[in-house]
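# Tertiary structure, described
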Amino acid sequence: MAADTGTPSLEAGAELERTLDRLEARMEALQLSMRAHRASPRLELWRHDLRETRETWFRLVDPDGQDPTGEGN
């Protein structure tokens, strides 16, 4: 007797939470790398990766929201 109420299932919600947790961990690791290795030739790559990861996190948290970086408009 599963009625489609338009709300995500518990399984889908749990998967979203796991994805958000992984993205948060990635952002923290990138920020740590950037702080610890400011002279690294990879700094710009990490900065770009951090920006994309953050944008993905915001899209998942609020799919109908505005671009948090202001770069979309």
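Residues numbered from 1 in each chain as written. Predicted model: local features only at pLDDT ≥ 70, side-chain atom pairs only at ≥ 80, totals over all residues. Heavy atoms only, no water.

Under the counting rule described, the total for this entry stands at four salt bridges. Note that R22 is salt-bridged to E15, the shortest N-O span being 3.6 Å. Exposure remark for E15: the relative accessible area of 36% places this residue in the partly exposed category. The residue E44 makes a salt bridge to R47 at a minimum N-O spacing of 2.4 Å. In this pair, E44 and R47 are both assigned in helix 2 (residues 43-61), three residues apart and thus about one turn of the helix distant. Using a relative accessible area of 52% as the deciding quantity, one classes E44 as exposed. Through salt bridges with shared partners, a single ionic network connects E15, R18 and R22. (Salt bridge = Lys/Arg side-chain N within 4 Å of Asp/Glu carboxyl O. Buried < 20%, exposed > 50% of the residue type's maximum accessible area, 1.4 Å probe, protein only. Helix = DSSP H or I, 4+ residues; strand = E, 2+ residues; numbered from the N terminus.)

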